[in-house]
Amino acid sequence: GGKIIRESTPGVGTKFRVICPKPKIELVSEQVYFESEVAIIWFDAVNYISTLVWKKEPSSDEYKEALSRNLEVFRTYKCYGCIADVRKLGIVNETDRNWFINNILSDAPEIGMRKFIVVHDSNDGKNDEYFEGMRKAVESHGIFFDHDSYDIEEAKQVIRGIDAK
């Protein structure tokens with residue numbers, strides 16, 4: 001759908017202009033919104049979800065920054081679902097767990113969150129208390145919550161309402 005325009009002047013040279021069509025946002029499935037050493041967040045305009053993938057265990061400040069940026073994605077793009085891949089997150093301390101529940105998840109209804117899926121290693125048990133706190137916080141607002149051992153593609157199917165198993 002794009003075009004190439006050629007302008008040539010004999011003895012001077014040729015100039016080419018490449019014009020690419022503007023992509024439709026609804027076709028963008030992984031637009032990176034934020035990336036650091038510890039996390040990457042992308043917006044999926046096909047499904048209107050944000051995906052947060054932890055690359056390694058963050059410091060408390062890095063944890064709060066990434067989650068605050070994920071909240072920005074919701075507010076900016078009017079997402080309805082979130083996938084959080086916590087397989088490399090490590091153990092979240094109680095102070096940070098409480099901060100997340102009280103400062104991020106408390107805004108879930110206001111920002112339009114309707115589904116929240118956590119991707120983790122099955123039966124590792126590292127963050128069971130964390131998951132339980134998340135579940136209680138989001139379900140108290142009528143938000144669907146699941147923390148099965150999906151991969152991200154399976155989690156997208158669950159977000160869309162398709163049985164992944």
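Computed from a predicted structure; not experimentally measured.

Section: helix α2 (residues 94-104)
For α2, the set of buried residues is Asp96, Arg97, Trp99, Phe100, Ile101 and Ile104. Taken together, the buried residues of α2 touch α1 (60-77), α3 (108-111), β7 (115-119) and α4 (128-139). Looking at where α2 begins, the residue whose side-chain oxygen comes 3.1 Å from the main-chain nitrogen of Thr95 is Asn93.

Remarks on the sheet that holds strand β6 (residues 81-85)
Spatially, β3-β4-β5-β6-β7-β8 is the arrangement adopted by the six strands of the open sheet, whose pairing is mixed. Edge strands, defined here as strands with exactly one partner in the open sheet, are β3 (31-35) and β8 (144-146). Taken pair by pair, the neighbouring strands of this sheet meet at an average axis angle of 15°, ignoring direction. Pairing analysis gives three bridges linking β7 to β8, with the strands arranged parallel. Bridging from a neighbouring strand, Lys115 pairs with Phe144 of β8. Along the sheet, α1 makes contact with β3, β4 (39-44), β5 (49-54) and β6, crossing β5 at roughly 165°.

Considerations on the pattern of salt bridges
Considering all chains together, one arrives at 14 salt bridges under this definition. Taking the shortest distance from any N to any O, the salt bridge between Asp44 and Lys156 comes out at 3.8 Å. A residue pair is termed long-range when its members are at least 10 positions apart, and Asp44 in strand β4 and Lys156 in helix α5 (residues 152-159) qualify at 112 residues. Arg135 is the partner of Glu139 in a salt bridge, and the nearest nitrogen-oxygen pair spans 2.6 Å. Here the residue Glu139 and the residue Arg135 both occupy positions in helix α4, the gap between them amounting to four residues, near one helical turn. For Glu139, a relative accessible area of 36% translates into the label partly exposed. Shared partners join several salt bridges into a network, and the residues in it are Glu30, Asp44, Glu153 and Lys156.

About the criteria used
Residues numbered from 1 in each chain as written. Predicted model: local features only at pLDDT ≥ 70, side-chain atom pairs only at ≥ 80, totals over all residues. Heavy atoms only, no water. Buried < 20%, exposed > 50% of the residue type's maximum accessible area, 1.4 Å probe, protein only. Helix = DSSP H or I, 4+ residues; strand = E, 2+ residues; numbered from the N terminus. Contact = heavy atoms within 4.5 Å. Polar contact = N/O pair within 3.5 Å; in protein donor to acceptor, adjacent residues only side chain to side chain. Pairing = 2+ DSSP bridges. Axes fitted to C-alpha atoms, helices over the stretch in contact; angles between N-to-C directions. Salt bridge = Lys/Arg side-chain N within 4 Å of Asp/Glu carboxyl O.

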